[in-house]
Amino acid sequence: MAFASKSPWVIHYDGSSCNGCDIEVLATLCPGFDGERFGVVNTGNPKHADIFLVTGSVNERNIEVVREIYNQMLEPKVVVACGICACTGGIFSDCYNVIGGVDQAIPVDVYAPGCAVRPETLIDAIVAGVEVLDQKSKALAEAKKGK
Amino acid sequence: MTLIQILIATVVFAVLAPVIGCFLAGLDRIISARMQGRVGPPLLQPYYDVRKLFEKEDAAVNTSERVYVVCALIFAVLSGGIFFGGGNLLLDVFTITLSSLFFIMAAYCTRSPYAEMGAARETIQVMSYEPMVLFMAVGFFLATGSFDVSAIAAAPGGPAIGKIILIFLGVLFILTIKLRKSPFDLSMSHHAHQEIVRGMTTEMSGPTLGLVEIMHWCETVLFLGWTGLFFLWGNPASWILALVVVALVFFAEIYIDNNFARVKWQFMLKSSWLVALLGGGINMAFLMLV
Amino acid sequence: MAFIGFLILFPLLAAVALFCVRNNEARNVIVVASAAVIAVASVIFVVSNLGAGFTPFEFSSEALDFVCTGISTAIVAIILAFSWKYKNVLAAVLACVQLVAVLALEFAFPLEIEVPYGLYFDSLSLLMTFIIGVVGSGICVYAIGYMEDFQTHQPEGEADRRPLFFGLMFLFLSAMFVIVFSNNMEWLFTGWEITTLCSFLLIGFTRTPEAITNAFRQIVMNLAGGIGFVVALYCCAFMVGTFSFYDFLVIGCQNPAIAAAAVTALAFAGITKAAQMPFHTWLLGAMVAPTPTSALLHSSTMVKAGVFLLVKLAPIFMVCPVPSLMVIMVGAITFLLCSFMAISQSNAKRVLAYSTIANLGLVTACAGVGSPEAVWAACFLILFHALAKSLLFLCVGTAEHHIGSRDIEDMDLLFERMPRLARFMMVGIMGMFIAPFGMLIAKWGALVSFAQADQVALILILGFGSAATFMFWAKWLGKLAGIAGQPENVELTVHKSEWASLLLMVVLLICGCVALPLISAVSVEPYIVSVFGVLGQDISTDNLWLAAICAAVVFIALFAGAGRSNSKQKKVPVYLAGVSRNDDTRAFQNALSGSSEAVTRNWYLEAVFGEKRIAPIGTVFNSVLMAAAFIMVLLGVGVM
């Protein structure tokens, strides 16, 4: 049995978001929606996190940071693009400095659209991400055995 | 008290303490959530967390970190064995200090700025609570004439609390530091992240972090055991009293955790030393001179 | 008795030989051979007399008394010559006062005090013999390699003054043997003064202005203590009527009133030599000397002579409240405040110095309490402090020569730059303050004895002092433990002689921890039984076994666990909250896309525990305390 799905610890990174989605991400963890019901804990440290919540688009400045955080997370890990900017670049996609959605920098597992993304959507996205996490966890366990 | 008894107790503690500590941690999270108007996670959430951590990829900044954490865990378990095996309270106190030292070294050896900062704060935390912990051991000795937990717990004529109530209050004060509860969770917090990321455990990931969690469960059980010891005496019924008190203390710590903002180290050091000086000093002087 | 004579005279001969020999190779051979002979002789002597009670030897000689007076005169003459050269009036005045007093005692009064039993040994002397003979000569061996590096660091054309250095080291050992074996207090005093002079010359060895200043500070304070000793001799002569140390102790216990003045004066002498506040500054100043000197002064000689005297006086303290209270409070205050001040220091040798003074304070306080348990604790504190501290000083000395600094902040990454040395240092540090090592067991004994003696102030002081101790050792230990990348290993050029003595100290420390119950049974307990007739409550064997288990785990972790490679584990860089550039230097990408390095320093809490804030408190408090004690004794208050 994989326990990854029962304890999805998240790390939240604000790319070039307008902060609308960030407020919703934090609202998801607050009493109104209580993400901790599903074991969701907001960590500030990629080394402890399983799910990477990125808000806002990726631009020339932050692309390295996004990659660095992703690389520092340990397997199994899942990326959720939170909000339409994180999915595609959204309203900012034509800006001179914007590269596009998060998938331009790192592999994204779940897209959670919305402007701003609603907490319900986010919870759904995390639950969907958790399934991916479980699959990756099983694959990792098999790889370990294979060695 | 024999060596064999303590070693057996250590093994039993190593099995039971994580289980009890895990339940307590789950309870802590649920009660905290209710205090904040939330539903909170399932009771077994801490267990899920640790199982997940052991499933994670095995990675570390260096190879020493895990060794030190394992040492810290071993000494924490041994310390629990000494206490619940009825061993010497002073040795128990020294062993748990040894455990903290190894945990500090684990944090320092990563050379992460955040972990180092957390470790430096931890040394101040240890310095803050250490006098009161020593006075607790001496207080038990003065009240019951023995450092042996088995003798203290079977003391004739009433619990130690009757004679060392000030020391008990002092221990309650520093218990907040030892359990890493706000307002004294300077070196690492159980909640979210703080200005130094996650302090001492910043670089600890996966299985290493899992070991740290298990260590905290064991420590929680041990420290609550200390508070329970104040209420034990020769009467078997006293065990019920002690359990009730332990439950109350545990609830009080969660209440404090949820209602106070983190303080600066200056306040922590001064207040805990003042408490140790007044609570410990007055109480010990009273026992010696009266 | 032949052995005692050998232990006193052989180092003396070695010293004379070393003064004369100019050839490096020959000197090295003499040092190693003599050190080995002294160590082996000490061990044989200790082992063959294990558990011995007070064993006096009938030995007295008019001629030797004159020789002693002659030596005292010569010492004063040397001090006067240096005072003249460096224009130090105070030292000259004190030296003259002492000379006049000594000569007057010998010639002006028609005293007919015979000490038929001039020499003796008991279990405490044996313990000291072990420390002086094994640890002391280990340090001498270490000095060979150290002084070779030292000489190469000297400017061109500087005279090679190593003959003087090694001669003084061995002379020191000889004088220490005189102190621990002399029952005749005049001889004891002579040994006392020789150690004062030797440390004066060793501290001033480099002849830099700083060294000269500190050497004179030492000599002034210790001459004051020496005058205290002379006063005690006068008191013995006129009030107690004996110069036999043993008789003095017996009479003092039976009749504290007549011995009070002598005991107070002797305690004062012991306090100066043990560098208790307000006299702690001389020991802090002593670290300008080459490191082997510091190791010798701190661990096996000099300061140990001071606490040796105080521990010997313990039975009288138990029945004599004024000097007892003076010694207890001076020691306890010193322990507390010096532990605090150690937190604020980043210079490794200064941290060691403060921790030495603090531990001596604890020994002093234990001696002042004077109960069997307290003396038990004091003996163990002396032993384990000698082992751990000599190890630490030697480690710091070697590190200093190889990383070019004695600052703890510069010892970052030592775990990889000098892997073996760093581990030795860690063992030494742990030996100083943490379970399961001997020092902590000794502190445990102190705590039990304070609790039984109803000394609530001492328990409070021990509690707070120990907490401070944890802080300053733990942060040093943390600095050593740091690991990053693969820095260059710089310990390959460490001299063999240095490794040999470092290894000796580590092995002794570890054996000391493992064999603690044994040492207690064959060495410390016999002394306590012979002095007090009873044995206090001791720590049960089960607890010592548990301590041994802890020790095993610690050593395995340090020497077999930490730093070993693990192929299953993925190595990852540290988290720097952004884009890392270089993991080893902790460089990260800053806001302008340049590189910044994360720099961390330990906490020194200068505003709370700074020297400027703490030191005056202890100096004033202890000075007033001692003055009050002397006045009370003179007026005869509270003595009966």
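Residues numbered from 1 in each chain as written. Chains lettered and ligands numbered in written order. Predicted model: local features only at pLDDT ≥ 70, side-chain atom pairs only at ≥ 80, totals over all residues.

Per an unreviewed UniProt entry, the recorded name for chain B is Ech hydrogenase subunit B, and the organism is Parvibacter caecicola. Database annotation for chain B, UniProt heading Subcellular location (unreviewed entry): "Membrane". (UniProt positions renumbered as here; feature names shortened; annotations may be inferred.)

Chain A appears in an unreviewed UniProt entry as Ech hydrogenase subunit C from Parvibacter caecicola. Annotation of chain A in UniProt includes, under Cofactor (unreviewed entry), the sentence "[4Fe-4S] cluster". Per UniProt, chain A carries the Sequence similarities (unreviewed entry) text "Belongs to the complex I 20 kDa subunit family."

Visitor: Provide a residue-level description of the overall build of chain A, including the pertinent values.
Guide: Within chain A, the secondary structure is distributed over four helices and seven strands. Each helix and strand of chain A, placed in order from N terminus to C terminus, yields the pattern β-α-β-β-β-α-β-α-β-β-α. Computed over C-alpha atoms, the radius of gyration of chain A comes to 15 Å, within 12% of the 15 Å expected from 2.2 N^0.38 for 147 residues, which places it in the range of a compact globule. Considered along the principal axes of its C-alpha atoms, chain A spans approximately 50 × 35 × 20 Å. Within the span of chain A, comprising 147 residues, buried residues form 52% of the whole. For chain A, long-range pairs separated by at least 24 residues make up 82% of all intrachain contacts whose partners lie at least 6 apart in sequence. (Helix = DSSP H or I, 4+ residues; strand = E, 2+ residues; numbered from the N terminus. Rg over C-alpha atoms; globule rule 2.2 N^0.38 Å. Buried ≥ 20, exposed ≤ 12 C-beta atoms within 10 Å, placed from the backbone. Contact = placed C-beta atoms within 7 Å.)

Visitor: Account for the interface of chain C and chain A, with residues named and values stated.
Guide: Taken together, the contact pairs five residues of chain C with seven residues of chain A. A per-class count over the side of chain C that touches chain A returns three nonpolar, two polar and no charged. (Nonpolar A, V, L, I, M, F, W, Y, C, P; charged D, E, K, R; others polar.)

Visitor: Residues and numbers for the nonpolar core, please.
Guide: Judged by nonpolar contacts, the single largest core of 358 residues is most densely connected at Ala72(B), Cys366(C), Ala367(C), Ala378(C), Cys379(C) and Leu391(C). The contact partners of Ala378(C), leaving out residues within four places of it in the chain, are Val311(C), Val363(C), Cys366(C) and Ala367(C). Judged by nonpolar contacts, the second largest core, of 41 residues, contains Tyr13(A), Ala49(A), Ala86(A) and Ala112(A). (Core = buried A, V, L, I, M, F, W, Y, C linked by C-beta atoms within 7 Å.)

Visitor: Which residues make up the sheet that holds strand β7 (residues 110-112) of chain A, and what values do they have?
Guide: Residue and element names in this part refer to chain A. In space, the five strands of this open sheet follow the order β2-β1-β3-β5-β7, with parallel pairing throughout. In this open sheet, the two strands that pair with only one neighbour each are β2 (41-43) and β7. Neighbouring strand axes in the sheet, compared pairwise and without regard to direction, differ in orientation by 30 degrees on average. Bridge count between strand β1 (residues 9-14) and strand β3 (residues 51-55): five bridges; the pairing is parallel. The residue of β3 that forms the bridge with histidine 12 is leucine 53. Most of the contacts of helix α4 (residues 119-146) go to strand β5 (residues 78-82), to which it runs at about 160 degrees, and overall it touches β3, β5 and β7. (Pairing = 2+ DSSP bridges. Axes fitted to C-alpha atoms, helices over the stretch in contact; angles between N-to-C directions.)

Visitor: I'd like a description of the UniProt feature "domain: NADH:ubiquinone oxidoreductase-like 20kDa subunit" (unreviewed entry) in chain A, backed by residues and values.
Guide: Those residues carrying the UniProt feature "domain: NADH:ubiquinone oxidoreductase-like 20kDa subunit" (unreviewed entry) are residues 18-128 of chain A in this numbering. Structurally, residues 18-128 of chain A comprises 32% helix and 19% strand, and the distance from its first C-alpha atom to its last is 25 Å.

Visitor: I'd like to hear about the sheet that holds strand β4 (residues 580-582) of chain C, residue by residue, with values.
Guide: Residue and element names in this part refer to chain C. Pairing within the open sheet is antiparallel, and its three strands lie in the order β4-β5-β6. Each edge of the open sheet carries a strand with a single partner, namely β4 and β6 (595-597). Neighbour to neighbour, the strand axes of the sheet diverge by 40 degrees on average, direction disregarded. Sheet topology places β4 next to strand β5 (residues 587-589); two bridges connect them, and they run antiparallel.

Visitor: Please provide a residue-by-residue account of the environment of Gly35(A), values included.
Guide: Residue position: Gly35(A) is located in the loop between α1 (20-29) and β2. The contact partners of Gly35(A), leaving out residues within four places of it in the chain, are Thr28(A), Leu29(A), Val40(A) and Ile123(A).

Visitor: So what's going on with the interface of chain B and chain C? Which residues, and what values?
Guide: Chain B puts 61 residues into the contact, and the matching count from chain C is 51 residues. The dominant element in the side of chain B that touches chain C, judged by the number of residues it contributes, is helix α5 (residues 113-144) of chain B, at 17 residues. Within the side of chain B that touches chain C, the residues separate by chemical class into 42 nonpolar, 13 polar and six charged. Bridging between strand β1 (residues 59-60) of chain B and strand β3 (residues 570-571) of chain C involves two bridges; their strand directions are parallel. Bridge pairing links Ala60(B) to Lys571(C) in β3(C).

Visitor: Give a detailed account of the pairing of β1(A), specifying residues and quantitative values.
Guide: All names here are of chain A. In terms of strand pairing, β1 meets β2 through three bridges, oriented parallel. If you follow tryptophan 9 over to β2, its bridge partner there is valine 41. In the classification by handedness, the crossover that spans β1, the intervening α1 and the parallel β2 is right-handed. (Right-handed = clockwise from strand over helix to strand, strands pointing away.)

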